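For reference, the chains in residue letters:
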Amino acid sequence: MGKIEGIKIHNYGPLKDIILGKTRSNQKEKALGNLVAVIGPSGNGKSTFADVFGFIADCLEMGVEEACDANNRGGYEKLISQNAEDPISFELYYRESSHTRPITYELVIALDKTGRPYVKEERLRQRVERYGWPRSFLYLQEGRGYVFEGSENDEAGQNDDGSIIGKQVNVELNDVRRLGIVTLGAMKQYGRVEKFLTFLKSWFLCYFSPDSARQLQSAAPHPYLNRTGSNINNVAQYMFRENPKEFKKVLAEIQDKLPGIERVEPVRFENGQMMLKFWEKGFKDAFYSQKMSDGTLKLFAYYLLLHEKNPRQLVFIEEPENGLYHQYLNTLAQEMIKSVGTGFSKQIFVTTHSPFFVNALAPENVWVLTKESNGFSIVQEASKYPFVKELSEEGVEMGDMWYSRYFG
């Protein structure tokens, strides 16, 4: 469980210095909610903001040097803000539940003497007493530093002198291009690091492609959708195998939201493979998923994602409106709000151009990216624009205000 209450981005392309929500150095702001929508005109940094999450996920998986080159990023020199004097850095302000104290993760990526990206600094810290300054339980500079042993049950504990419970261990990493939390989080004695690493690994960045969803896959069942949705039938097979009755209930709930679809049923073949069959209104014979429209497949994948039994803790969807009829977007946004709830089990970030999607949201859910004359982006919560909160309380929908240029 857990969610990001705030994020600070420094020197990442046009995002030279932006903060969303509450961070260690920005305590007066409100924490981010369970659904965060980032809006703004094209070219103002929404895709870059989405890529921040992808970049951190790639750093976990492949190391910082490869992450700088992956996904057409073009290397560190293309990523860092123009004329920046400081390196790229991120700060994640994270809380596991309403009963735990927040954890701050700080990551600084720079170029070494040979001109290659490396992890210059990495830190995890948490306040151990009720009041006071957070204390580091992992701190590495250029691969050298210390980490405290301790399980998740010790996370808010302290000794009589106020120091963190657990033994301090000095460490030196062999590879400064790999994140220290990946190496140390694999060791049971560093339970606090392990739990935060588990949270980061649970992120799901959605790049759904209808063409990928039409591909025939092996018969192996998969518990989760992959990034492109190419295993959508494998996920259906997994859900059907785990609990057929519950899966049919999920399908019944989803099919009510798919336009023109009367019902959806899984079909199991002799080789163990499963395909989804869709019955469209007006047609006697059903269609397999390979023959369904892009919009129907995309909606189905989104709703399947929102109905995961053990959900990924953070989901990022970039421009869900692409390929979808505008009338479906308000319902999709409402379903996302319902899916994330009010607890700490799931958080969804979305970038969007669609006022129809935004119409379902409250002012505190919406963040606006705009570009200044110097070429760098700034961000502001929609509720801080004049009259937005008051108009929303009177029943004016957020997307309509945005379209009418009351903000953004």
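Our structure's up above, just so we're on the same page.
Definitions and limits used
Residues numbered from 1 in each chain as written. Predicted model: local features only at pLDDT ≥ 70, side-chain atom pairs only at ≥ 80, totals over all residues. Heavy atoms only, no water. Helix = DSSP H or I, 4+ residues; strand = E, 2+ residues; numbered from the N terminus. Rg over C-alpha atoms; globule rule 2.2 N^0.38 Å. Buried < 20%, exposed > 50% of the residue type's maximum accessible area, 1.4 Å probe, protein only. Areas by Shrake-Rupley, 256 points an atom, 1.4 Å probe, with all protein chains shown as cover. Pairing = 2+ DSSP bridges. Phe/Tyr/Trp six-rings, centres within 6.5 Å; stacked < 30°, edge-to-face > 60°. Polar contact = N/O pair within 3.5 Å; in protein donor to acceptor, adjacent residues only side chain to side chain. Contact = heavy atoms within 4.5 Å. Axes fitted to C-alpha atoms, helices over the stretch in contact; angles between N-to-C directions. Parallel < 35°, antiparallel > 145°, perpendicular 65-115°, else oblique. Left-handed = near helix turned anticlockwise from the far one by under 90°. Nonpolar A, V, L, I, M, F, W, Y, C, P; charged D, E, K, R; others polar. Core = buried A, V, L, I, M, F, W, Y, C linked by side-chain atoms within 4.5 Å.

Student: Got a sec to walk through the overall build of the protein chain? Specific residues and values, please.
Tutor: The helix and strand tally for the protein chain stands at 13 helices and 17 strands. Against the 2.2 N^0.38 benchmark of 22 Å for 408 residues, the protein chain shows a C-alpha radius of gyration of 23 Å, consistent with a compact globule. The dimensions of the protein chain, computed from C-alpha atoms along their principal axes, are 75 × 55 × 45 Å. Across the 408 residues of the protein chain, 53% fall into the buried class. As displayed, the protein chain offers around 19100 Å² of accessible surface, 47% of which is attributable to carbon and sulfur atoms.

Student: For the pairing of strand β12 (residues 274-280), give the residues involved together with the corresponding values.
Tutor: Where burial is concerned, most of β12 is hidden: 5 out of the 7 residues are buried. Relative to β12, strand β11 (residues 261-268) runs antiparallel, the two being bridged by 7 bridges. Considered in β12, the bridge of Val267 is made with Met275. Where β12 and strand β13 (residues 287-288) come together, 2 bridges link them in antiparallel fashion. Bridge pairing in β13 places Phe278 opposite Phe287.

Student: Would you mind going over the packing of aromatic side chains in detail, with residue names and values included?
Tutor: All chains considered together, the criterion is met by 22 aromatic pairs. Between Phe49 and Phe349, the ring centres sit 6.5 Å apart and the planes meet at 50 degrees, which makes this aromatic pair tilted. Placement of Phe49 in helix α1 (residues 46-62) and of Phe349 in strand β15 (residues 347-352) is noted, with a sequence separation of 300 residues between them. Each member of the pair, Phe49 as well as Phe349, carries the same accessibility label: buried. Ring centres of Phe316 and Phe349 lie 6.0 Å apart, and the angle between their planes is 10 degrees; on these two criteria the pair is classed as stacked. One end of the pair, Phe316, is in strand β14 (residues 314-318); the other, Phe349, is in strand β15, with 33 residues separating them in the sequence. Its relative accessible area of 3% is what places Phe316 among the buried residues.

Student: Quick one: what's the story with the pairing of β15, residue by residue and with numbers?
Tutor: Counting buried residues in β15 gives 6 out of 6 residues, a clear majority hidden from the surface. Burial of β15 is two-sided: the residues Gln347, Phe349 and Thr351 facing one way and the residues Ile348, Val350 and Thr352 facing the other way are all buried. Two elements, β14 and β15, share 5 bridges in a ladder whose sense is parallel. Counterpart to Glu318 in the pairing with β15 is Thr351.

Student: So what's going on with the side chain of Ser383? Residues and values would help.
Tutor: Inspection of the secondary structure puts Ser383 in the loop between β17 (377-381) and α12 (388-393). Within the structure, Ser383 has its side chain in polar contact with the side chain of Glu381 (distance 2.5 Å). Ignoring anything within four residues of it in the chain, the contact list for Ser383 reads Lys30, Pro363, Val388 and Lys389.

Student: Before we move on, can you summarise the packing of helix α7 (residues 232-242) against helix α9 (residues 294-306) with the specific residues and values?
Tutor: Relative orientation of the contacting elements α7 and α9 amounts to 40 degrees, with a least axis distance of 11 Å. With respect to α9, the axis of α7 lies oblique. As for the relative orientation of α7 and α9, their crossing is left-handed in sense. Between α7, through Ile232, Val235 and Met239, and α9, the contact on the second element is made entirely by Leu297, Phe300, Ala301 and Leu304. Looking at the contact of α7 with α9, its residues break down into 7 nonpolar, no polar and no charged.

Student: Report on the nonpolar core, specifying residues and quantitative values.
Tutor: Grouped together as the largest cluster of nonpolar side chains are 63 residues, with contacts concentrated most on Leu20, Phe49, Phe53, Leu179 and Ile181. The greatest single-element share of this core, amounting to 9 residues, is contributed by α1. Those residues within four positions of Leu179 in sequence are excluded, and the remaining contacts are Cys59, Leu60, Val64, Tyr105, Leu107, Val119 and Glu122. In this structure, Val250, Leu251, Ala301 and Trp402 belong to the second largest nonpolar core, which totals 54 residues.

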